[in-house]
Amino acid sequence: MSFENLKDIEKEVQQCKSCPLYATRNNIVFSDGSPNAKIMLIGEAPGADEDKQGKPFVGRAGKLLNEFLKLAGINRNEDLYIANTIKCRPPENRKPAKEEKAACERFLQAQINTVKPKIIVLCGATAMESFLDKKLKISKVRGEFFENIKGYEGIKFIPILHPSYLLRQHSTETGSPRDLTLKDLIKIKKTALI
């Protein structure tokens, strides 16, 4: 199925009943940010706050992400297009099931094909596993660029630690998860030349 624009994709997502999550959602969580952005950030799945507001990364982890973006000089509204691997909240914020990710995959692909980002930031292990080798550990490959991913030629992919993980890591010392995430975001900004 091909879509003309992001509004068409969003309309299709609102009507989607491809997996059981549609029955328990308050809102679909389609996207946030600029559809003209050079950087696309893909998260795992909506949480309770996202389900309420219909926007990705608006809870505690989202607020922390905003702080890091600001420190790196990345404007969330202008420099980023944000989406998730799935568009509805899994119960109890559990990790999305394989079938749920498969049901939403066409929508995420359509978003990528429409936005045409230069860089895709894979935020957390679940997002990373959707595009890269599932045997990779995010702790080992975060901050590395991956290219020539089948179906996404010309786009650089880079995994970063998820801000929900950073909520439990308070140190900002050199080499700490927070320090590494900030360095990764600065690297992304430089590579995108924004």
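Refer to the structure presented above.
All values reported here derive from a predicted model rather than from experimental measurement.

Examining empty space enclosed by the protein
A full pass over the atoms with the stated rule returns two cavities of 30 Å³ or more. Volume-wise, the largest cavity comes out at about 90 Å³. As for the largest cavity, its lining consists of 14 residues, of which Cys16, Cys19, Arg25, Cys88 and Cys104 are closest to the centre. The element that contributes the greatest number of residues to the lining of the largest cavity is helix α5 (residues 98-115), accounting for four residues. Across the lining of the largest cavity, the residue classes tally to 10 nonpolar, one polar and three charged. Size it by volume and the second largest cavity reaches roughly 30 Å³. Around the second largest cavity sit Leu64, Leu65, Phe68, Ile160, Leu161, Pro163, Leu166, Thr181 and Leu185, which together line it. Sorting the residues of the lining of the second largest cavity by element identifies α3 (60-72), α8 (163-166) and α9 (177-192) as the ones contributing at least two each. If you tally residues by element for the lining of the second largest cavity, the top one is α3, at three residues. Broken down by class, the residue content of the lining of the second largest cavity amounts to eight nonpolar, one polar and no charged.

As for the packing of α3 against α9
Each pair of packed helices can be described by the angle between their axes along with the distance between the axes. In contact at an axis separation of 9 Å, α3 and α9 are set at 55° when each is read in the N-to-C sense. What the angle tells us is that α3 and α9 run oblique. Pair α3 / α9 crosses with right-handed handedness. Taken together, the residues of α9 that come into contact with α3 (itself represented by Leu64, Phe68, Leu69, Leu71 and Ala72) are Arg178, Thr181, Leu182, Leu185, Ile186 and Lys189. Residue composition of the contact of α3 with α9, grouped by class: eight nonpolar, one polar and two charged.

A few points about the state of the cysteines
On inspection of all chains with the given rule, the structure shows zero disulfides. In this structure Cys19 is a free cysteine whose sulfur lies 6.2 Å from that of Cys88, the closest cysteine sulfur available. Taking the relative accessible area as the measure of exposure, Cys19 reaches 15% and is therefore buried. Of the cysteine sulfurs around Cys88, a residue in no disulfide, the closest is that of Cys104, at 6.1 Å. Residue classification places Cys88 among the buried positions, given a relative accessible area of 7%.

Cut-offs applied
Residues numbered from 1 in each chain as written. Predicted model: local features only at pLDDT ≥ 70, side-chain atom pairs only at ≥ 80, totals over all residues. Heavy atoms only, no water. 1 Å grid on protein atoms, 1.4 Å probe; cavity = no way out; pocket = protein on both sides within 12 Å on 5 of 7 lines; lining within 4 Å. Points joined across faces, edges and corners; volume = space filled by probe spheres on them. Helix = DSSP H or I, 4+ residues; strand = E, 2+ residues; numbered from the N terminus. Nonpolar A, V, L, I, M, F, W, Y, C, P; charged D, E, K, R; others polar. Axes fitted to C-alpha atoms, helices over the stretch in contact; angles between N-to-C directions. Parallel < 35°, antiparallel > 145°, perpendicular 65-115°, else oblique. Left-handed = near helix turned anticlockwise from the far one by under 90°. Contact = heavy atoms within 4.5 Å. Disulfide = S-S within 2.5 Å. Buried < 20%, exposed > 50% of the residue type's maximum accessible area, 1.4 Å probe, protein only.

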